[in-house]
Amino acid sequence: MDNAFTAFFRKNSDYPTFRSKKDNQYFIIPQYVEGSGNRLVIPMFKEGIRFRDKHQIPEPIDQIIITRQVNRYYASIYYESDDKPQKGDQKNGIDVGLKVFATLSDGIQVKNPRHLNSVEKRIKKQQQKLARKEKGSNNRKKQIIRIEKLYQELSDKRTDFLHKVSTAITKLSDTIVMESLNIQGMMQNHHLAKAIADVSWYRFKQMLQYKSEWNNIDFIEIGMWEASSRTCSRCGWINHELKLSDRMFICKSCGLEIDRDLNAAINIRNIGLIKVGLDRPEFTPVEIATSAELFNRRDLRDVGQ
Ligand SMILES: [Zn+2]
């Protein structure tokens, strides 16, 4: 409080306010943190705090940030690592969609995980129950906590899915191309399924971006309208009659028959590669045709199912 008022009188900050208990709170422990078995030892708790993760606690630790979400505490551990980068040799364009979560230009498709739907259904059911509880009652409070926990479960499962997919793609790629997402449009969307998908795509892209940076992978972003799903990825012919419901792209010029999302992913990849310079010899029509054939093996890898 003393610090807050000193800052206020020195005109460095606004008049101090109370911190709401409802806020998601966090604090930083900048030094003297170490691991001991499965416990995190920080200056105030010499006996250590039990820490649960599939990874071992790294050392030495630079600092940790403790955050709280609903009824759980998380420790983000900052440390220096000399891990080798994980990357492959593919140049992947990625198309994201409602029907199929992600389509790679090499033909791999990742479906939306079904187990998320069941949690969503449970949330809906519990929310109907909440509507029948009396305002201000203890039962209502309990019901709200029940729903918050379900949301937490949903969020954990979705995060897990996004991490698995983005890590798998990272391991395949040395270049990743994606379209920019329409944030403005995302905010205005009132269709729930679409809104949830928007948030997932956004986080998916963020994960791919920072994992690319960690692993020395080129991440290229292209404009939303640069790669059209109406353009044939082999010859450039434009299908003006392509409808949203059409799952296949059929080219009347070169005869290419290809999944529409795969066609879009290949266009995204090609435009991204043109953007960083045409000096990439592997970008040839023959290569694209080979990629299209690979599509038949799309069920080879189904991440997150
Ligand atoms: Zn064509």
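Data block above holds the structure.
Residues numbered from 1 in each chain as written. Predicted model: local features only at pLDDT ≥ 70, side-chain atom pairs only at ≥ 80, totals over all residues. Heavy atoms only, no water.

> Where do I start with the coordination of the zinc ion in this structure?
Donor atoms from the polypeptide that bind the zinc ion are Cys-232 (SG), Cys-235 (SG), Cys-251 (SG) and Cys-254 (SG), placed at 2.3 to 2.4 Å. The exposure class assigned to Cys-235 is partly exposed, which follows from its relative accessible area of 37%. (Donors = N, O, S within 2.8 Å, 3.2 Å for Na, K, Ca; no water. Buried < 20%, exposed > 50% of the residue type's maximum accessible area, 1.4 Å probe, protein only.)

> Which parts of the structure should I look at to understand the nonpolar core?
Among the nonpolar cores identified, the biggest contains 20 residues, and Ile-94, Ile-169 and Phe-204 are the most heavily contacted of them. Not counting chain neighbours up to four residues away, the residues in contact with Ile-169 comprise Ile-94, Leu-104, Ile-176, Phe-204 and Leu-208. (Core = buried A, V, L, I, M, F, W, Y, C linked by side-chain atoms within 4.5 Å. Contact = heavy atoms within 4.5 Å.)

> Honestly, the layout of surface pockets in this entry has me stumped. Any pointers?
Picture a little ball the size of a water molecule; that probe, rolled over the atoms, points out where space is still empty. Empty space within the largest pocket amounts to approximately 2,600 Å³. Forming the walls of the largest pocket are 49 residues, and the residues nearest its centre are Phe-51, Asp-53, His-55, Ala-75 and Ser-76. Every element with two or more residues in the lining of the largest pocket is listed here: β1 (26-29), β3 (39-42), β4 (45-50), β5 (63-69), β6 (72-78), α3 (138-172) and α5 (192-214). A class-by-class count of the residues in the lining of the largest pocket yields 20 nonpolar, 16 polar and 13 charged. Two domains share the lining of the largest pocket, each providing at least three of its residues, namely domain 1 (2-78) and domain 2 (90-300). (1 Å grid on protein atoms, 1.4 Å probe; cavity = no way out; pocket = protein on both sides within 12 Å on 5 of 7 lines; lining within 4 Å. Points joined across faces, edges and corners; volume = space filled by probe spheres on them. Helix = DSSP H or I, 4+ residues; strand = E, 2+ residues; numbered from the N terminus. Nonpolar A, V, L, I, M, F, W, Y, C, P; charged D, E, K, R; others polar. Domains from an automatic or database assignment.)

> Explain the sheet that holds strand β7 (residues 90-96) here, please?
Strand pairs in the sheet, formed through backbone hydrogen bonds, run parallel or antiparallel to each other. One open sheet accounts for 5 strands, arranged β9-β8-β7-β10-β11; its pairing is mixed. Edge positions in the open sheet fall to β9 (109-110) and β11 (218-222), since each of these has one partner strand only. The sheet strands contacting α3 are β7, β8 (102-104), β9 and β10 (173-179), and the helix crosses β10 at an angle near 125°. Running at roughly 125° to β7, helix α6 (residues 260-275) makes contact with β7, β8, β9, β10 and β11 of the sheet. (Pairing = 2+ DSSP bridges. Axes fitted to C-alpha atoms, helices over the stretch in contact; angles between N-to-C directions.)

> Help me out: how do you make sense of the pairing of β3 in this one?
The side chains of a regular strand alternate between both faces of the sheet. Pairing analysis gives 3 bridges linking strand β2 (residues 34-36) to β3, with the strands arranged antiparallel. Residue pairing across strands places Glu-34 opposite Val-41, the latter belonging to β3. Where β2 folds back on β3, the antiparallel hairpin that results is connected by 2 residues, among which Gly-37 adopts a positive phi of roughly 65°. Counting the residues that bridge the hairpin from β3 to β4 gives 2 residues.

> I tried to follow unusual backbone geometry on my own but got confused; where do I start?
Both trends apply: most residues other than glycine have a negative phi, and most peptide bonds are in trans. Cis geometry is found at the peptide bond from Glu-59 to Pro-60, where omega equals -5°. Note that Pro-60 resides in the loop between β4 and β5. With phi around 55°, Tyr-32 is a residue other than glycine that occupies positive phi space. One can find Tyr-32 in the loop between β1 and β2. For Asn-216, which is not a glycine, the phi torsion comes out positive at approximately 65°.

> Would you mind going over helix α2 (residues 115-131) with me for this structure?
Since one α-helical turn is 3.6 residues long, residues separated by three or four positions face the same way. End to end, α2 covers 25 Å across 17 residues, agreeing with the expected 24 Å (1.5 Å per residue, within 8%). Within the span of α2, buried status applies to Leu-116, Val-119, Ile-123, Gln-126 and Leu-130. For α2, the arc enclosing every buried residue in end-on projection is 90°, short of the 170-degree limit, so these residues lie on one face. The exposed set on the far side of α2, more than 90 degrees from its buried face, consists of Lys-121, Lys-124, Lys-125 and Ala-131. (Expected span 1.5 Å × (residues − 1). Arc of directions from axis to C-beta.)

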